[in-house]
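Structural description and commentary
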Amino acid sequence: MSRAIAAITCTCAVVLTLLGAPRVATHSTATVMVPILMYHHVGNWGPARPDWAPWVVLPEDFRAQMDWLVQHGYRTISFRELLECSSRGVAPEGKPVIISFDDGWASQCAVARDELMPRGLRATFFVYTAAVGPVPNGSGYVSWQELRELEAAGNEVQSHTVSHARLTDVLPEQLQREMQESRRKIEAEMHHPVQALAYPFGLHDGTVMQAARIAGYQCAVRADADSSIGEPLLYRMPRLRMGYGDSLALFAECMEASARSH
Ligand SMILES: [Zn+2]
């Protein structure tokens, strides 16, 4: 299986490991795998935009995936809960999974309202702050008002930088600005610490990961789950991407791989 799943080892000494990677010997008493799902769009328009097809999930496929999570007893958690559990050396309760949405498209509000909340699920929304206005304005992007409503319903907002820049290509000054200004803006609008960063396009290297740490993020996520990249350190946590037409069997295979690793 090419799509590995992020795992968190709940000890004080070792935080993350990767499914299939060598285990680090610890005195751990609690290990739990936490798959991190990544979505962008839920819609029927994938074939009309082949360049977007990897980032669009059919509504019926998305519903089937969410139903599968519920039927198999998964509980959605936030990055905040994941990090709290990690710092305390305890496993999140039940069968945890993180559902994440990137870019802050306005259509994601309806997905949360119509598909997630009725199923008792919640998600993390990674937004880039330059696209977010104070109130809904028809731009196609979510507003701070809508994001506050999402958080009031149990969801979570985290950072996807200021301008969705290719962080591996920008000058050091812009790298810091993308990291720090987006974090400050979200914290000012949402009134809580911003702990997690999603790299735009998943692009990251050692310099980018170091900048994320310096900017105050406690973890960062990629846009893939390629196990050849190496162990999923806190600042390069893999995510599982489901694309247009991916089968429920593939989804189930990826999720069940997590359970088998317990
Ligand atoms: Zn993005």
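Note that the structure is a prediction, hence the values are computed from the model and not measured.

Calculation criteria
- Along each chain, residues carry numbers from 1 onward, in the same order as the chain's sequence is written.
- Only residues with pLDDT of at least 70 are given local features in this predicted model, and only at 80 or more are side-chain atom pairs given and counted; all residues enter the totals for whole chains, interfaces and linings.
- Secondary structure is summarised from DSSP: a helix means a run of H or I of at least four residues, a strand means a run of E of at least two, and numbering begins at the N terminus for each.
- In this scheme the burial state of a residue depends on its C-beta neighbours within 10 Å: 20 or more other such atoms mean buried, 12 or fewer mean exposed, and anything in between means partly exposed; the C-beta positions come from the backbone.
- For every residue pair, C-beta atoms are placed from the backbone, and the pair is scored as a contact if these atoms sit within 7 Å.
- One bridge is not enough; two strands pair if DSSP finds at least two bridges between them.
- Crossover handedness is defined here as right-handed if the route from the first strand over the helix to the second strand goes clockwise, with the strands pointing away from the viewer.
- As used here, the arc is the angular range of directions from the helix axis to the C-beta atoms.

1. Some thoughts on the overall build of the chain
A tally of helices and strands in the chain yields 7 helices and 13 strands. Sorting the 262 residues of the chain into buried and exposed places 45% on the buried side. Sequence-distant contacts, at least 24 apart, represent 60% of the contacts inside the chain between residues at least 6 apart.

2. Looking at the pairing of strand S9 (residues 124–127)
Residues Thr 124 and Phe 126 point to one face of S9 and Phe 125 and Val 127 to the other, with burial holding for every one of them. Taken together, the 3 bridges between strand S8 (residues 95–102) and S9 define a ladder with parallel strand orientation. Of the residues in S9, the one forming a bridge with Asp 102 is Phe 126. Strand direction decides the pairing type here: S9 and strand S10 (residues 156–159), joined by 4 bridges, are parallel. Each residue of the ladder has a partner; that of Phe 125, found in S10, is Val 157. One crossover worth recording links S9 to the parallel S10 by way of helix H4 (residues 144–152), and it is right-handed.

3. Considering helix H2 (residues 79–88)
Owing to its 3.6 residues per turn, the α-helix aligns residues three or four sequence positions apart on the same side. Taken as a whole, H2 has its buried residues at Phe 79, Leu 82, Cys 85 and Ser 86. Projected onto a plane normal to the axis of H2, the buried residues spread over an arc of 130 degrees and lie on a single side. Projecting away from the buried face of H2 at angles above 90 degrees are the exposed residues Ser 87 and Arg 88. Of the residues one or two after H2, Gly 89 is the one with positive phi, at around 70 degrees.

4. Regarding H4
For H4, every residue scored as buried is listed here: Glu 146, Leu 147 and Leu 150. Taken end-on, H4 shows its buried residues confined to a sector of 100 degrees, consistent with a single buried face. Tucked into the core, H4 has its buried residues touching helix H3 (107–116), S9, S10 and helix H5 (172–190). Residue Gly 154 follows H4 closely and has a positive phi angle near 105 degrees.

5. Focus: the environment of Glu 115
Relative to the helices and strands, Glu 115 resides in helix H3. A residue is classified by how many C-beta atoms lie within 10 Å of it, and Glu 115, with 18 of them, is partly exposed.

6. Thoughts on the pairing of strand S4 (residues 36–39)
Both faces of S4 are covered, namely the face carrying Ile 36 and Met 38 and the face carrying Leu 37 and Tyr 39. Relative to S8, S4 is paired through 4 bridges, and the arrangement is parallel. The partner of Ile 36 across the bridge, within S8, is Ile 98. Bridging between S4 and strand S13 (residues 240–241) involves 2 bridges; their strand directions are parallel. The residue of S13 that forms the bridge with Leu 37 is Leu 240.

7. Regarding the environment of Ala 249
Along the polypeptide, Ala 249 turns up in helix H7 (residues 248–260). Distance in space between the C-alpha atoms of Ala 249 and Gln 65 is 9.7 Å, their sequence separation being 184 residues.

8. Looking at unusual backbone geometry
Of note in this structure, His 164 is not a glycine but carries a positive phi near 60 degrees. As for its placement among the helices and strands, His 164 is situated in the loop between S10 and H5. For His 164, a count of 19 C-beta atoms within 10 Å translates into the label partly exposed. Its identity is not glycine, yet Phe 201 carries a phi of approximately 60 degrees, on the positive side. By the secondary structure assignment, Phe 201 is in the loop between strand S11 (196–198) and helix H6 (206–214).

Any functional reading would require information that these geometric values do not contain.
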